[in-house]
Amino acid sequence: MSDAPIRKPSTGHPAHPGRRLIASAMIGLIAGIDNLGNGLAIAALLFTGPLAAGLGAGVGVVLLSAAILALLVALRSTQPNSVALVQETGVAILASTVATMAAGLESAPEGVRIATAFAILGGSTLVTGLLFWTVGRLRLGRLVRFFPYPVVAGFLAGSGWLLVEGALAMVSGRHGLGAGIAGLAAPMVAVTAAAAVGLAGLLVLAMRRSDSPFTMPLVLLATALAFHAGLPLLGVTAEQARGWGWLPGVDGGSGFSLPVPTEVLALADWGRVAAALPAMVSVAVLGMLGLLLNVSGIELAQGSDIDADAELRSTGAANLLAGALGGPSGYVGLGMTLLAGRMGATGRGAGLATAAVILGGLGVAGWLVSVTPVFLTAGLILFLGVELLQEWLIDARRRLPRTEWLIVLAVVLAIAGIGFMEGLALGLAVSLAMFVYSYSRLPVIRGRHSGAELRSRVDRSPTASLHLTGAGAAIEAMQLQGYLFFGTAEQIVGPVRDRLERAGGQTGGQTGVQPLRFLIIDFRHIKGMDSAAAGVFRRIRNLIEAAGATLVLSALPNVVEDAFRNCGLDPDRDPVLRRAPDLDHALESCEEALLAEGDGTSGGADAPLLRHLEAMTGPHPRLADAVAALDTLHLEPDEVLIRAGEAASDVFIIGRGRVKVQIALPDGRSLRLRTMTAGAVVGEIALLLGQTRGADVVVETRATIHRLTAATLARLEREDPELALVLHRILATTLAQKVTLANRLIEQAAV
């Protein structure tokens, strides 16, 4: 509405009760006069041309609805000084719908057309109230804010265009842009149109120069008085002005009137009402967005937390009552509510006073209709339309990226050229397409690593590690992220095909690149997947099968597994597929397979300890003595080698078998940190730093483990420093390898 935004709400101490009362009365007077003027304009917008006979009842029902909205919202709102208004954006949509209905019922009796118009108007408000209340009852108010912003802006700008068309129809008495422009050929219509444009321009200038809430009412009042003062000077009587279309053709003595519900029910063409249901839903959705935007603005400006769902419920109830009377919808006005706070009206008096002023104006509604110039109501509607176009189309060009602004422009052009519902559909379709396009450009591949770079958390012998440095390139690990759908899944196929082709796996590509043996796809960071994406993985599976490789599916979520099975992929029975609980276990299984093919290099399980040490530090004449200085332990699976929290008094070298390093989680489960195989050293950090053990070390398979005690190392430092130095060199080499591995893991995690 003409509800101008107030930029600086008051802050400070609560106002004195007397001042609050005066402030509430002032707000009621301002908002009430504003509603009276806009009520006349809205009714004139809806009931023009073939529906002009319903103007008197239209004014009555609009004003009564405005009073009901102001009263109930004031009583039930969680923001005490809320001032509710009938909003013109939804009415702009309904005016176009009502005009289309009237054109389709041109041959029907006048009473049928008017009753159908009231049925559409009231039905729209009932739908709005029901939607408000339902969304608030289900506490879904915040979800509506995910509605695409460019589409909302397009709707509002499109509503502005509909208001401009409505103003033209009010002046010419003809609906439709072409017919309205053609009607301007009549001299008296052209004069009225020129006056309406002049008034709209005057309002634009006045509102740009002043933030005062009195500005618009004073301009309208001064214009009306100047018109009536000018008629005698021109020698024109009121009857002549009415005959020329300068004044409404209604009887000023008819007084207050309302549509009779029984007549509306009996006379309305309900088929036409049902056909208008999509427009009613559009008005309801747009109203809900407007309400939530205003609530957010009030929260921000006044620094208060407002329950949006409670506001939806209370406003919904008010709209249900207004709709039952056949009136238009509305909700809390941002500018008037902020003005109430600025003037010190902190209680519910502002809304109550507004309702009282509007109800008082109902007594003179008929007289107001008869003396209000047509150009004044048309100029006000034109001004409101231009303001919406200015804010949501022209000014939006500076606020929005070009692509989003083009969506706004497309919606407005569709509304202007085709229709409101078509503009709605176009805006949603283009926004959806833009979302799909933008989301499809987001990287779905979180990281790609060769098995020569990315290793499992298994500490192996130097011989096995050296073998994997070369053979690990046959492993490719690909970590995915986000949501996989038809627009993003295609990003995966290209890298897979490129890897196969570079290895000559399909078309004899470059030489010197190891053939791919294992492709690991990690789904740990995947949130979901659609059926089209599952079809993409079927293609990947076929590429892997043709290359003679294996596809390992890591951390497969249930939702992804279900999608795989629906498209014919069975991770448990397909010989090309293999599953793993996580990326670490997937890497470990692939490494074990490569080591098993390495002619005895699979971890050096049967290699003597001396060979492991030679591979670690290089040949040394005292290595055999170093082995002899160690104790030998033979342990069974599940035996605890190291317990967390114990003092560190020894270090262990795995001669044969496997152990795992794990920590206990708060819920009682154990988390594996590393696995260690033959040749690995464990426990040296706590020993050298004099700390307690930080984790448990548990035997996984039957193992032969060699122990170096702190006492033995101290004795050798005194009695055989050369041998002690060899042992320290073994420990230092192990630490250097672990630091190198830790740095590599940090680098990979940072990518």
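The rules behind these values
Residues numbered from 1 in each chain as written. Predicted model: local features only at pLDDT ≥ 70, side-chain atom pairs only at ≥ 80, totals over all residues. Heavy atoms only, no water. Helix = DSSP H or I, 4+ residues; strand = E, 2+ residues; numbered from the N terminus. Rg over C-alpha atoms; globule rule 2.2 N^0.38 Å. Buried < 20%, exposed > 50% of the residue type's maximum accessible area, 1.4 Å probe, protein only. Contact = heavy atoms within 4.5 Å. Areas by Shrake-Rupley, 256 points an atom, 1.4 Å probe, with all protein chains shown as cover. Lys, Arg positive; Asp, Glu negative; His and termini not counted. Charge placed at Lys NZ, Arg CZ, Asp CG, Glu CD. Core = buried A, V, L, I, M, F, W, Y, C linked by side-chain atoms within 4.5 Å. Pairing = 2+ DSSP bridges. Expected span 1.5 Å × (residues − 1). Phe/Tyr/Trp six-rings, centres within 6.5 Å; stacked < 30°, edge-to-face > 60°. Lys NZ or Arg CZ within 6 Å of the ring centre and 35° of its normal. Axes fitted to C-alpha atoms, helices over the stretch in contact; angles between N-to-C directions. Parallel < 35°, antiparallel > 145°, perpendicular 65-115°, else oblique. Left-handed = near helix turned anticlockwise from the far one by under 90°. Nonpolar A, V, L, I, M, F, W, Y, C, P; charged D, E, K, R; others polar. pLDDT = per-residue confidence, 0-100. 1 Å grid on protein atoms, 1.4 Å probe; cavity = no way out; pocket = protein on both sides within 12 Å on 5 of 7 lines; lining within 4 Å. Points joined across faces, edges and corners; volume = space filled by probe spheres on them. Arc of directions from axis to C-beta. Polar contact = N/O pair within 3.5 Å; in protein donor to acceptor, adjacent residues only side chain to side chain.

A. Structural view of the overall build of the protein. What the protein contains, in helices and strands, is 30 helices and 16 strands. Over its C-alpha trace the protein gives a radius of gyration of 40 Å, far above what one expects of a compact globule, namely 27 Å for 751 residues. The burial tally for the protein puts 52% of its 751 residues in the buried class. Counting contacts in the protein only where the partners sit at least 6 residues apart, residues at least 24 apart contribute 80% of the total. Working note: accessible area of the protein is about 32,700 Å², and carbon and sulfur atoms make up 61% of it. A gap of 3 Å separates the mean positions of the 58 positive and 60 negative side-chain charges of the protein.

B. How the structure looks around the nonpolar core. The biggest cluster of nonpolar side chains holds 107 residues, and the ones touching the most others in it are L46, V59, I120, L203, L380 and F383. Those residues in contact with V59 that sit more than four places away from it in its chain are L40, A43, A365 and V369. L480, V496, L553 and V576 belong to the second largest nonpolar core, which has 33 residues in total.

C. Just the sheet that holds strand β13 (residues 670-676), in detail. Spatial strand order, β4-β13-β12-β15-β10: 5 strands in an open sheet with mixed pairing. The two strands at the open ends of the sheet, each matched to only one other strand, are β4 (458-459) and β10 (640-642). Where strand β12 (residues 659-664) meets β13, 6 bridges bridge the pair, whose relative direction is antiparallel. The residue of β13 that forms the bridge with Q662 is R672.

D. Just helix α19 (residues 402-417), in detail. Here α19 is 16 residues long and its end C-alpha atoms lie 22 Å apart, about the 22 Å a rise of 1.5 Å per residue gives. When we look at burial in α19, the residues that qualify are W405, I407, V408, V411, V412, A414 and I415.

E. View of the packing of aromatic side chains. The full count for this structure, using the stated rule, is 6 aromatic pairs. With a centroid separation of 5.1 Å and an interplanar angle of 70°, the aromatic rings of W244 and W246 are classed as edge-to-face. A relative accessible area of 34% means that W244 is categorised as partly exposed. A network of ring pairs unites the aromatic residues F523, F537 and F564 as a single cluster. Its end group placed over the ring of W405, R397 keeps NZ or CZ at 5.5 Å from the ring centre. Lying over the aromatic face of W392, R399 brings its terminal NZ or CZ to 5.6 Å of the ring centre.

F. Inspection of the pairing of strand β6 (residues 518-529) at higher detail. Most of β6 is tucked away: 9 of the 12 residues are buried. As defined by bridge partners, strand β5 (residues 475-484) adjoins β6 across 9 bridges and the pair is classed as parallel. Each residue of the ladder has a partner; that of Q479, found in β6, is D522. Note: β6 against strand β7 (residues 550-554), 5 bridges, orientation parallel.

G. Fine view of unusual backbone geometry. In the Ramachandran plot, A555 falls in the positive-phi region, its phi being about 50° despite a non-glycine side chain. Positive phi is not limited to glycine here, since D638 has a value of about 75°. With respect to the element layout, D638 can be found in the loop between β9 (631-635) and β10.

H. Expanded view of the packing of helix α3 (residues 88-104) against helix α5 (residues 149-172). Put simply, α3 and α5 touch, their axes get as near as 8 Å, and they point 55° apart. As summarised for this structure, α3 and α5 are arranged oblique, according to the angle between their axes. As α3 runs across α5, the sense of the crossing is left-handed. Of α5, the residues touching α3 (which contributes E88, T89, A92, I93 and S96) are L156, S159, L162 and L163. Residues that form the contact of α3 with α5 fall into these classes: 5 nonpolar, 3 polar and 1 charged.

I. Inspection of the sheet that holds β9 at higher detail. The 4 strands are arranged β9-β16-β11-β14 in an open sheet whose pairing can be described as antiparallel. Across the chains shown, the open sheet's two edge strands, defined by having one partner strand only, are β9 and β14 (681-682). In the sheet, strand β11 (residues 650-656) pairs with strand β16 (residues 703-709) via 6 bridges, with the strands oriented antiparallel. The residue of β16 that forms the bridge with D650 is T709. Contacts between helix α29 (residues 710-719) and the sheet are confined to β11 and β16, with β16 contributing the most and set at about 50° to the helix.

J. How the structure looks around the confidence of the model for the protein. Looking at the protein, pLDDT values average 83 and 91% of them are 70 or higher. Predicted confidence in the protein is weakest over helix α14 (residues 334-343), with a mean pLDDT of 72, and strongest over β7, with 95. In the model, residues 505-511 has pLDDT below 50 throughout and makes 14 contacts with residues more than four positions away in sequence or in other chains. Scored below 50 in pLDDT, residues 600-606 makes 19 contacts in the model with residues more than four places away or belonging to other chains.

K. Spatial organisation of empty space enclosed by the protein. For the structure on display, the rule yields 5 cavities of 30 Å³ or more. In this model, the second largest cavity occupies a volume close to 50 Å³. Every residue lining the second largest cavity is listed: Q87, T89, G90, V283, L286, G287, S329, G330 and Y331. At the level of secondary structure, the elements contributing two or more residues to the lining of the second largest cavity comprise α3, α12 (277-302) and β2 (330-332). Taken together, the residues of the lining of the second largest cavity break down into 3 nonpolar, 6 polar and no charged.

L. Summary view of helix α26 (residues 609-617). For α26, every residue scored as buried is listed here: L609, H612, L613, M616 and T617. Each buried residue of α26 sits inside an arc of 110° when the element is viewed along its axis, so together they form one side. A positive phi of about 90° marks G618, the residue just after α26.

M. Representation of the side chain of T377. Within the secondary structure, T377 is located in helix α17 (residues 374-394). A polar atom in the side chain of T377 sits 3.0 Å from the backbone oxygen of V374. Residues contacting T377, with those up to four places away along its chain left out, are L40, A41, A44, M170 and T372.

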